[in-house]
Number of protein chains: 2
Amino acid sequence: MTEQNLLEKVVSLCKRRGFVYPNSEIYGGLANAYDYGPLGVELLRNIKNSWWKTFVHDRENIYGIDGAIISNPKVWEASGHTTGFNDPLIECRSCHRRIRADHLVEDVLGIKVEGKSLKEIDAVVSENKLKCPSCAGDDLMPTRKFNLLFKTSLGSIEGEKSDVYLRGETAQNMFLCFQNVVDSFSPKLPFGLAQIGKAFRNEVTLGNFTFRTFEFEQMEIEYFVREQGWEKHFEEWKKQMMGWLVSLGVSEDRLRWRCHSQEELSHYSRRTEDIEYDFPFGGFKELYGLAYRTDYDLKQHAEFSGQDLRYRDQETGEEFFPHVVEPTFGVTRTALVVLLDAYCEDPSAGSGQARVVLKLNPRLAPYKVAVFPLLANKPELVKKAREVFEMLRVETGHAPSLPIAWDDRGNIGKRYYTQDEIGTPWCVTIDFQTLEDDTVTVRDRDTTEQERIAIPDLKDYFSVKLSV
Amino acid sequence: MTEQNLLEKVVSLCKRRGFVYPNSEIYGGLANAYDYGPLGVELLRNIKNSWWKTFVHDRENIYGIDGAIISNPKVWEASGHTTGFNDPLIECRSCHRRIRADHLVEDVLGIKVEGKSLKEIDAVVSENKLKCPSCAGDDLMPTRKFNLLFKTSLGSIEGEKSDVYLRGETAQNMFLCFQNVVDSFSPKLPFGLAQIGKAFRNEVTLGNFTFRTFEFEQMEIEYFVREQGWEKHFEEWKKQMMGWLVSLGVSEDRLRWRCHSQEELSHYSRRTEDIEYDFPFGGFKELYGLAYRTDYDLKQHAEFSGQDLRYRDQETGEEFFPHVVEPTFGVTRTALVVLLDAYCEDPSAGSGQARVVLKLNPRLAPYKVAVFPLLANKPELVKKAREVFEMLRVETGHAPSLPIAWDDRGNIGKRYYTQDEIGTPWCVTIDFQTLEDDTVTVRDRDTTEQERIAIPDLKDYFSVKLSV
């Protein structure tokens, strides 16, 4: 299986089985936009719930918020996004394709151009006689900068509208709520604000499935610290970020940290490191980012709003702008990496075709268990299987029900393969022996081994498996 | 406590305690937009999780999806929103305030004007000499229609952009994915698609806290049925909708169904009924809607896209457009009603001030339990209280941890009141007796009664309480 093959196979599986569909497909789609189908939405929920539990519920010094996508436009002036949030684009005179200049240079020559002026980039392009990746023509226009914020208008009377922006990052909501949260909760430093939500960047997208989409979902923390010692928090967050990612089951040997060069840093950052994943398209690319934003944002908002946004230490009485360490996680990029990383083909399946298995961490799998009656035309098997199905679904106390699949179509081997392909960790089959001794077979997705378990023990059996 | 008082008190509590903050408050806000704070985001999560469990996980014929906010613009032409999704607005020549004409007539005269022409509305306004509700001036401009879709541009080069819309309802994603889901899952009628997500309407907003905001979150189901018998499904959904709402603890006597008149129906609907809540501003107003959309949407998309979107019955071979019954729930409006409905003042508290209690359903409460050491300066009490706190937080098997608050500030009475105000159902206090016999006091928010429970029994105690 080649790398390109892997991507194609995952894209195809995602569409066929209901993880990810092209958005507006009946209208020919829209600029690399995607919708998440019935299995994809469960995968996203599991990722987001794991993140929220780890970084909000299980900690006492991080506060969740859910802010608006559209805020007062002054926010984006203060943050520097209306002026400093740009992509360098080159247009091909022949095919009119627009190309990210930095990506073109990086992909073809393997060198980074961040921090270079547009003239310097154009010099690199012309010296190396770079061509349009789409039509191979060499008539490229000079590089131009384009702002990434989506603009829209608020107020429903034409000509009397005020321009507003779709947020380009969730981060700004946290700075806007900073003072409110301090007033409500009197937190001591260090403390963080966390948010999950959509953000929008008017980027040129180049395929690679859901890797880069103009609409995407972030999980982000602004962690407020004293300036002195920010490095310690930065290092601690590196561990936390990688630890959570690896706990999802992503292969460590496909992950690495990469430190941004001085030229590459965003306008607000003094140190940034990315977790990169070894993607099947072009190798290591950004997955998550960790940025030291200094006190840039709070200072800017204080200046632009005229409000005093300094933090007051309750014990010492000092007043100052806290500094910020910002771990940013992509929801949809996490889902993509989880799917790519979990995809396996098992050639030893016996039949002519390789067995396709999504080796998802059980915590992330859309269904935890599938329940089958061995034969669909035997009412006594179906009845018993429904009982097991309902038993596993029922909520007990504060414990939520398990998401369980039901399948009574085709032969049992096909049903196993159907569940393997969507990552269901265990299949429970009710057969004739069940009617005699109240046991069922539980078949493991990864080993394909089966064991017989007594029905009354099933709930505990899966509880233990899922708590590992 | 007057009705207006109630709203003001809830708004103030929400800001003070971290449920809801005005968006961009440091910049003077933005057109009635709000952010959800640390407690508000937990309330929203609990509402959405309850809905998803009830209508997706606990059912076998409803499929969740998570679609993009921005789709191909043809979607909104086909759906009729680019032409038929308007508000009638009147502008005051004196103060330039824009007023919803239908709301003005309804609020002042108590009559509905839906379906009337703009001329007819203007006639009602001038016959009754209606004035601007803002400045009381009588120089009102004629009513004009304004489209509610937010428009933005995709593609990052000025002058080469394509107009796209922020979705005005989550519904259209479900119609776009209809064929994809049928291909992936071969569902039998009736079946539904469900989605939770943000939608945007460029409306004139008039305060009343979060009741009407231009950015809001919906929970929506498109339920596909055969035309024959749609009434039965409609009636069934009325029960389901009201049943879920009442299960959240909202008072039934403040809820009612109201059927839309013929003139009032949306362009796609042949029957619509709203659940209305008796709000403290102006009485009964829309909370949820249930619409029979016929086969309008699938037919329109089939026509505009040229795709065959008919459903094929696997058994009979018939091909036809399914009809749609659509239950729509507002996330943020649910949160508003839950907060208004839960707010109580208990004058019998003894101290001069009334005790403020948010009588939230424990399932919706941001914290389920608060744990206190009786005295913060006794290390042995604090140590024991931390043990109890950690014990209740720890995840066991598939059961999630309980969200638990910790408080060791001020006296115990103040801590109780602090928790009452944010709706925490139970407070656990570790006192000197705990050190002797390993029991704690559990104090009930609603009755203020206390009982002693042995620490090893606490988890089961709360599990039982929370599963009721």
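Residues numbered from 1 in each chain as written. Chains lettered and ligands numbered in written order. Predicted model: local features only at pLDDT ≥ 70, side-chain atom pairs only at ≥ 80, totals over all residues. Heavy atoms only, no water.

1. Here's the deal with the overall build of chain A
Under the convention used in this document: By the criteria applied, helices consist of DSSP H or I runs no shorter than four residues and strands consist of E runs no shorter than two, each listed in order from the N terminus. Two residues form a contact once any of their heavy atoms are found within 4.5 Å. The sign given to each residue is positive for Lys and Arg and negative for Asp and Glu; His and the chain ends receive no count. By convention, charge coordinates are those of NZ in Lys, CZ in Arg, CG in Asp, or CD in Glu.
Looking only at helices and strands, chain A features 14 helices and 23 strands. Over its C-alpha atoms, taken along the principal directions, chain A stretches across nearly 75 × 65 × 50 Å. Across chain A, contacts joining residues at least 24 apart in sequence account for 65% of those joining residues at least 6 apart. Of the side-chain charges in chain A, 59 are positive and 73 negative, and the distance between the mean point of each set is 2 Å.

2. Some remarks on the sheet that holds strand β10 (residues 215–225) of chain B
Residue and element names in this part refer to chain B. Stated formally: Any two strands with at least two DSSP-identified bridges between them are counted as paired. Axis geometry follows a simple rule: fit a line to the C-alpha atoms, using only the stretch in contact for helices, then measure angles between N-to-C directions, giving values from 0 to 180 degrees.
The strand order across the open sheet formed by seven strands is β3-β9-β10-β16-β13-β12-β11, and the pairing between neighbours is mixed. Across the chains shown, the open sheet's two edge strands, defined by having one partner strand only, are β3 (62–64) and β11 (255–259). Taken over all neighbouring pairs, the strand axes of this sheet differ in orientation by 25 degrees on average, direction set aside. Direction of pairing for β3 relative to strand β9 (residues 191–200): parallel, over a ladder of three bridges. Within β9, the residue paired with I62 across the bridge is G192.

3. Focus: the relation of the copies chain A and chain B
Two copies of the chain are present, and they differ by a rotation about an axis and a shift along that axis. Definition in use: For this overlay, a least-squares fit was computed on C-alpha atoms, restricted to residues scoring pLDDT of at least 70 in both copies.
With an RMSD of 0.0 Å, the operation that places chain A on chain B is a rotation of 180 degrees combined with a shift of 0.0 Å along the axis. Taken together, the rotation and translation describe the operation of a two-fold axis. A high fraction, 100%, of the interface residues of chain A reappear at the interface in chain B, so the copies pair face to face through one surface.

4. Looking at the sheet that holds strand β19 (residues 369–373) of chain B
Within a sheet, neighbouring strands are paired by backbone hydrogen bonds and run either parallel or antiparallel to one another. All names here are of chain B. The sheet built from five strands is open, its strands ordered β20-β19-β21-β22-β23 with mixed pairing. Lying at the two open borders of the sheet, with one neighbouring strand each, are β20 (404–406) and β23 (450–454). With strand direction ignored, the average angle separating the axes of adjacent strands in the sheet is 30 degrees. When strand β22 (residues 439–444) meets β23, the two strands line up antiparallel, connected through five bridges. Bridging from a neighbouring strand, T441 pairs with R452 of β23. The sheet strands contacting helix α11 (residues 379–393) are β19, β20 and β21 (426–430), and the helix crosses β19 at an angle near 165 degrees. Sheet strands touched by helix α14 (residues 458–467): β19, β21, β22 and β23. Its angle to β21, the strand with the most contacts, is close to 170 degrees.

5. Side note on the pattern of salt bridges
Two side chains bearing opposite charge may form a pair once their charged atoms approach each other closely. Applicable threshold: Only one rule defines a salt bridge in this text: a Lys or Arg side-chain nitrogen within 4 Å of an Asp or Glu carboxyl oxygen. Note on classification: 1.4 Å probe, protein chains only; a residue is buried when its accessible area is under 20% of the maximum for its type, exposed when over 50%, partly exposed between these limits.
In the structure shown here, the tally under the stated rule is 87 salt bridges over all chains. One salt bridge in this structure joins R386 of chain B and E60 of chain A, with 2.6 Å as the shortest N-O distance. Linking R386 of chain B in helix α11 with E60 of chain A in the loop between α2 (38–57) and β3 (62–64), this pair reaches from one chain into another. Residue classification places R386 of chain B among the partly exposed residues on the basis of a relative accessible area of 25%. Look at the salt bridges and you will find they share partners, linking D87, R100, D102, E203 and R212 of chain A into a network.

6. Some thoughts on the side chain of N173 of chain A
Basically, it comes down to this: Distance and chemistry together define a polar contact, namely a pair of N or O atoms within 3.5 Å, with one atom able to donate a hydrogen and the other to accept it when in protein, and with adjacent residues in sequence counting only for side-chain atoms on both sides.
Along the chain, N173 of chain A falls in helix α7 (residues 171–185). A polar contact of 2.8 Å, which involves the side chain of N173 of chain A, links it to the side chain of R167 of chain A. Other than its neighbours up to four places away in sequence, N173 of chain A contacts I65, G67, A68, S71, R167 and Q195 of chain A together with N23 and D35 of chain B.

7. Regarding the packing of helix α2 (residues 38–57) of chain B against helix α8 (residues 230–247) of chain B
Residues and elements named next belong to chain B. The condition that has to hold: Crossing chirality is assigned from the near helix's rotation relative to the far helix, an anticlockwise turn below a right angle marking it left-handed and a clockwise turn marking it right-handed.
As a packed pair, α2 and α8 sit with axes 11 Å apart at the nearest point and diverge in direction by 145 degrees. The handedness of the crossing between α2 and α8 is right-handed. Together, I47, S50, W51, T54 and F55 of α2 and W237, Q240 and W244 of α8 make up the contact between the two elements.

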